[in-house]
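This is what each chain is made of:
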Amino acid sequence: MAKKIYVGNMSYQTTEESLYSLFAQYGEVLSARIIMDRDTNRPKGFGFVEMDQDDAAVAAISQLDGSEFEGRNLKVNEAIAKERTERRPSYRY
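Residues numbered from 1 in each chain as written. Predicted model: local features only at pLDDT ≥ 70, side-chain atom pairs only at ≥ 80, totals over all residues. Heavy atoms only, no water.

1. Brief notes about helix 2 (residues 54-64)
Logical step 1: Within the span of helix 2, buried status applies to Ala-56, Ala-57, Ala-60, Ile-61 and Leu-64. Looking straight down helix 2, one finds its buried side chains confined to an arc of 135°; they lie on one side. Away from its buried face, by an angle of more than 90 degrees, helix 2 presents the exposed residues Asp-55, Ser-62 and Gln-63.
Logical step 2: Elements in contact with the buried residues of helix 2: strand 1 (3-8), helix 1 (16-24), strand 3 (43-51) and strand 6 (75-78).
Logical step 3: Gly-66, located one to two residues past helix 2, shows a positive phi value of around 85°. (Buried < 20%, exposed > 50% of the residue type's maximum accessible area, 1.4 Å probe, protein only. Helix = DSSP H or I, 4+ residues; strand = E, 2+ residues; numbered from the N terminus. Arc of directions from axis to C-beta. Contact = heavy atoms within 4.5 Å.)

2. Comments concerning the sheet that holds strand 3
Logical step 1: Reading across from one edge, 2-3-1-6 is the order of the four strands in this open sheet, with antiparallel pairing throughout. Two strands lie at the open edges of the sheet, namely strand 2 (29-36) and strand 6, each paired on one side alone. Averaged over all neighbouring strand pairs, the angle between strand axes comes to 20°, with direction disregarded.
Logical step 2: By the bridge criterion, four bridges tie strand 1 to strand 6 in an arrangement that is antiparallel. Along strand 6, the bridge assignment pairs Val-7 with Val-76.
Logical step 3: Sheet strands in contact with helix 1 are strand 1, strand 2, strand 3 and strand 6, and its direction is about 140° off that of strand 2. (Pairing = 2+ DSSP bridges. Axes fitted to C-alpha atoms, helices over the stretch in contact; angles between N-to-C directions.)

3. With respect to the packing of aromatic side chains
Logical step 1: Taken as a whole and assessed by the stated rule, the structure comprises three aromatic pairs.
Logical step 2: Ring geometry for Tyr-6 against Phe-46: centres 6.0 Å apart, planes inclined by 35°, an arrangement best described as tilted. In this pair, Tyr-6 sits in strand 1 while Phe-46 sits in strand 3, placing the two residues 40 residues apart along the sequence.
Logical step 3: Residue class for Phe-46 comes out partly exposed when judged on its relative accessible area of 24%.
Logical step 4: Centroid distance Phe-46 to Phe-48: 6.1 Å. Interplanar angle 85°. Geometry classified as edge-to-face.
Logical step 5: We classify Phe-48 as partly exposed; its relative accessible area is 21%.
Logical step 6: Chaining the aromatic ring pairs together yields one cluster made of Tyr-6, Phe-46 and Phe-48.
Logical step 7: Its end group placed over the ring of Phe-48, Lys-4 keeps NZ or CZ at 5.2 Å from the ring centre. (Phe/Tyr/Trp six-rings, centres within 6.5 Å; stacked < 30°, edge-to-face > 60°. Lys NZ or Arg CZ within 6 Å of the ring centre and 35° of its normal.)

4. Some words on the pattern of salt bridges
Logical step 1: This model, assessed by the stated rule, comprises one salt bridge.
Logical step 2: We note a salt bridge from Glu-78 to Lys-3, for which the minimum N-O separation is 3.4 Å. With a gap of 75 residues between them, Glu-78 in strand 6 and Lys-3 in strand 1 connect regions that are remote in the sequence.
Logical step 3: The exposure class of Lys-3 is buried, given its relative accessible area of 15%. (Salt bridge = Lys/Arg side-chain N within 4 Å of Asp/Glu carboxyl O.)

See the structure below:
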């Protein structure tokens, strides 16, 4: 069963390709996505990786959490699904 992993404290220069390659060392990566700010279209400094096998995901989490990647110490843990809430429009006067 696939496992989704949260990756935080990433360099703003990190690409989805480099993130994919980093996690591919531990097993099959289904997807690697960096979250972008919708207003500036710049990376927010975190993303998600989905790995095919649970044991590979656990190995990646244990080895990469706190490790240095592209000049930053990564925060890596299992992603926790949040219940989505409906967004209310913001009004500025």
